[in-house]
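Structure assessment
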Amino acid sequence: MDIAKVIVDVPVRSTDRPYDYLIPESLKLWIEVGSRVAVPFGHRTVQGFVVSLESGEKGTIPGLKAIQEVLDLLPPLSPELVELADWMSRRYACRRISALQAMLPTALKGKAERLIALGDTAEESEAAQEDELFLMFPDTGGEEREITEFVRRGGEVSMKQLTRAFPEAAETVKFMLRRGVLTESQSIKDKMGKKKLKAVELAIGIDSAQEALESFPARSARQKEVLAFLVEMEAMLPLPLKEVLSILQVTAGTVKALEEKGYIEIIEIEVYRDPYRGRDFKPSSPLPLTAEQQSVYNRISRTVDEQLHEVFLLHGVTGSGKTEIYLQCIERCMNQGRQAVVLVPEIALTPQMVERFKGRFGSGVAVMHSRLSVGERYDEWRKIREGKATVAVGARSAVFAPFANLGLIIMDEEHETSYKQEENPKYNARDVAVRRAEQGGAAVILGSATPSLESYHAARAQSDIHFSPVLLEMPSRALGNELPKVHVVDMREELKEGNRSMFSRRLHSALSDRLENGQQTVLLLNRRGFSTFVMCRSCGYVAGCPDCDISLTYHSRSDNLRCHYCGHAEPAPKVCPECASEHIRFFGTGTQRVEEELGKLFPGIRVIRMDVDTTTEKGSHEKLLNQFRDKKADVLLGTQMVAKGLDFPDVTLVGVITADSALNLPDFRAAEKTFQLLTQVAGRAGRHQLPGEVVVQSYTPEHYSIVHASGHDYYSFVREELKHRKGLHYPPYCRLILVTLSHEQLPLLLRLAENYALNIQGKARQLRWYGSLDKLSSDALDLLGPVASPIPRLKGRYRFQCMIKWRGTIDAIGLARQVAEELEDSARDTGLQISIDVDPQMLM
Ligand SMILES: Nc1ncnc2c1ncn2[C@@H]1O[C@H](COP(=O)(O)OP(=O)(O)OP(=O)(O)O)[C@@H](O)[C@H]1O
Ligand SMILES: [Zn+2]
Ligand SMILES: [Zn+2]
């Protein structure tokens, strides 16, 4: 194979295709599909990914440039992931390079030197064990020993040194890397290196050490003590130097002296930056399943055992024991020698959740989420690739976990919008999961108490849109208790009767009861659409961003105003810049105000507030939840964060302060989101022995999302909501593509946006797609707009959008992209930007 097709990392749309490169003789054995390489491009050297290999006469094409170097010894991507990236680029109209890069941890994105060292397996083993270790190797004529020796001598060698010394040994080196005999890491330069710790090891055999002890000079008592200790602890060597020093209360000089005499060695050992190190996870074993769980489990295990591809939609009410199903299905999958990925929404990636998986599967669980440092994430990723983890639990990007033989993908809370990435590539992890599972013959479980209408409709209609899941239902709670009783309070009535507080009388008295009985309460403030802006009460002035047409948000910690879109920050004004009035008010975060009010109404009440302000620090989320679990507080007050996945036995009351604050947002999913949030938060109450109660405060208690949520009636809600969606032509009855065009000059932008719409309509007409979705035809496309975007100006650029609605088997995504590219080409150099969002979740 002489030619590699490479996707290069050049931020120009026209480069979004593979380029041919010659593979030089010296790299031939190292390059595979999925390798990351450095290639010449124009006058520069850029990074790229090998997406296919070709043998061929084409090798003689004159002027074909050659690959300069390979950046990792083991390709960071598998052929399946490369293919998945290709699919993503078509499915989400994104560039292939951005899909490929989304699959890698940040640590790998730059160009840094690779270092090779001995892995744990080799480092721990003595020569005799090494023999055993190498038994599993194919016959290589002893290459592996030479390589091991070479690396051991160097301690850590660069990739270049290694490939130069063993140009022919690619297969063996890769094998050693996959078995963990060698490990590769980033150079220390960019701080992504493996974390190293100094450790002490005997340099001589145990027998010689014992002999040496007997004849040790008396004046070196301290040294003797150290040596004796090491002999005693032989089984546990190497020991961290720090520990030795602190246990024996000796100085580093003493240890150093022993090293100089040749008795011991001070070496460096690798420590994985395990973000959960030092934490004990209570081991758990499989629970005997309830009848409902059993039948669901049986159905899924059949598919897992046969290693088939099938998608399940597990609709189980809150507390029905979905997690136990996940755990046992993973075990089943592991019995097949395959690995599993568990996706949870970032916000629900609570320590409680992680604990349940670590408790069952121990250190075989890798955790991936955005709160880890770059280095931690890299280490968790390597743990997966080096086969040290069999389960990955993480937020949406964990769908790309580099497992070799993935058998099961679980997506908890599948209805969550955070599975959709809002930046490029704008992928939906649910659809990527289904696609990845399809590639490798894996099962998918989409679990939720409130499945998204798209998934539910696909399961019921067995029709369509992305996939057809098998519907599995668990209508009762695992512990046999009832779903909590929900009271809806009409806040308009409260006001009429003179109650101006943010707490209804019902919620107030329910709260006092809990305080008296020592039970706990969860309070939710639905903050979507809630104000955190600064307003002058005299003239109505609202502080806005100078570059984006949105109001600035007040941050109490730094006492400044910030734009959440562009990062613009300015000090909070003391008087109104318009009218100089002092009645300029910060509406603070809603939760802060609720907290104050609670303090006034119930003096001495202990409140834990959980919102963006109190959870910015690493680990703060966990700390707050632990405090609540340890009953250090009466009330857990928060935003959406408190609604998901929490399982606390003493919570018997859930209060929702404003159920309908998000209902009026310009988003066709507003009702669905409201229903889901209310159902989820209500599900936090009365999960164990004590019965639960829920108080929902609303200004529109007759709205069907509130009525059905209070009756725990998913089916009625779905029926009514589907009716609306059908009438207005919204998903799941069609699909959407949101195209946003932006430019610094308004008149030009307007013209370009109109052009875009006309071109789409013209082409669709030619293809006989165009027409209203009212028609019965199954292939149809309609375009709305252009109109100003909900945020009409962002970072100094004006924004217009078109909404394409379509259904059927037509290639609407391809069309949207093609027309965008043509327009970008014709308007080249004017600075037009077009962004395409397929199946958008955020419409604002
Ligand atoms: N088979 C079982 N036997 C005994 N207890 C169980 C069983 N299955 C689950 N449980 C317990 O029931 C409670 C609820 O289970 P779990 O948290 O898994 O529900 P869930 O369906 O994930 O709920 P949610 O959607 O609200 O997060 C937990 O305390 C769990 O330990
Ligand atoms: Zn004013
Ligand atoms: Zn701004």
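Reading guide: rules and limits
- Residues numbered from 1 in each chain as written.
- Chains lettered and ligands numbered in written order.
- Predicted model: local features only at pLDDT ≥ 70, side-chain atom pairs only at ≥ 80, totals over all residues.
- Heavy atoms only, no water.
- UniProt positions renumbered as here; feature names shortened; annotations may be inferred.
- Helix = DSSP H or I, 4+ residues; strand = E, 2+ residues; numbered from the N terminus.
- Buried < 20%, exposed > 50% of the residue type's maximum accessible area, 1.4 Å probe, protein only.
- Contact = heavy atoms within 4.5 Å.
- Areas by Shrake-Rupley, 256 points an atom, 1.4 Å probe, with all protein chains shown as cover.
- Near = heavy atom within 4 Å.
- Polar contact = N/O pair within 3.5 Å; in protein donor to acceptor, adjacent residues only side chain to side chain.
- Nonpolar A, V, L, I, M, F, W, Y, C, P; charged D, E, K, R; others polar.
- Core = buried A, V, L, I, M, F, W, Y, C linked by side-chain atoms within 4.5 Å.
- 1 Å grid on protein atoms, 1.4 Å probe; cavity = no way out; pocket = protein on both sides within 12 Å on 5 of 7 lines; lining within 4 Å.
- Points joined across faces, edges and corners; volume = space filled by probe spheres on them.

As recorded by an unreviewed UniProt entry, the chain carries the name Replication restart protein PriA and is attributed to Paenibacillus albidus. Heading Subunit (unreviewed entry) of the UniProt record for the chain holds this comment: "Component of the replication restart primosome." If you open the UniProt record of the chain and go to Sequence similarities (unreviewed entry), you find "Belongs to the helicase family. PriA subfamily."

Attention now moves to the overall build of the chain. Helix and strand content of the chain: 26 helices and 33 strands. The burial tally for the chain puts 55% of its 844 residues in the buried class. Put simply, 74% of the contacts in the chain that link residues at least 6 apart link residues at least 24 apart. Within the structure as shown, the chain displays about 36,700 Å² of accessible surface, and the carbon and sulfur contribution to it stands at 50%.

With that out of the way, let us pick up the UniProt feature "binding site: Zn(2+) 1" (unreviewed entry) in the chain. In the numbering adopted here, UniProt assigns the feature "binding site: Zn(2+) 1" (unreviewed entry) to Cys536, Cys539, Cys576 and Cys579. A compact arrangement is adopted by the annotated residues: their sequence extent is 44 residues, whereas the largest C-alpha distance between any two is 8.7 Å. By the element assignment, Cys576 lies in the loop between strand 24 (569-571) and strand 25 (584-586). Beyond its immediate chain neighbours, meaning those up to four positions away, Cys576 contacts Cys536, Cys539, Tyr541, Ser581 and Ile584. You can see Cys579 is positioned in the loop between strand 24 and strand 25. Taking relative accessible area as the criterion, Cys579 reaches 35% and is therefore assigned partly exposed. If near-sequence neighbours (up to four positions away) are discounted, Cys579 is found in contact with Cys536, Ser538 and Cys539.

To continue, consider the site of ligand 1. By nearness alone, 21 residues border ligand 1, and Pro288, Gln293, Lys322, Asp647 and Arg687 come closest of all. In the environment of ligand 1, an oxygen atom lies 3.1 Å from a nitrogen or oxygen atom belonging to the side chain of Thr323. Within the complex, 86% of the 630 Å² of free accessible area of ligand 1 lies under protein. Here the shell around ligand 1 takes three residues from helix 13 (residues 322-335), the largest share from any one element. Its residues placed into classes, the shell around ligand 1 shows six nonpolar, nine polar and six charged.

With that out of the way, let us pick up the nonpolar core. In terms of nonpolar packing, the biggest core is built from 122 residues, with Phe400, Tyr756, Leu781 and Ile804 touching the most fellow members. In terms of residues, this core owes the most to one element, helix 25 (residues 746-766), which gives eight residues. When neighbours within four sequence positions are excluded, Leu781 is seen to be in contact with Ile760, Ala764, Trp769, Tyr770, Gly771, Leu773, Ile804, Lys805, Trp806, Ile810, Ala812 and Leu815. The next biggest cluster of nonpolar side chains, apart from the first, holds 34 residues, and it includes Val10, Val46, Leu118 and Val157.

Following the criterion strictly, the structure yields four cavities of 30 Å³ or more and no others. Its boundaries defined by the atoms lining it, the largest cavity holds a volume of some 120 Å³. Along the wall of the largest cavity there are 15 residues; nearest its centre are Glu414, His415, Glu416, Ser452 and Gln841. Counting residues per element, the lining of the largest cavity draws most heavily on helix 22 (residues 670-682), which supplies three residues.

Before going further, it helps to spend a moment on unusual backbone geometry. A negative phi angle is the norm for most residues apart from glycine, just as the trans form is the norm for most peptide bonds. Residue Asn424 is joined to Pro425 through a cis peptide bond whose omega torsion reads -10 degrees. Position of Pro425 relative to the elements: it lies in the loop between strand 16 (406-411) and helix 16 (429-440). Residue Gly785 is joined to Pro786 through a cis peptide bond whose omega torsion reads 5 degrees. As for its position among the elements, Pro786 is in strand 31 (residues 780-794).

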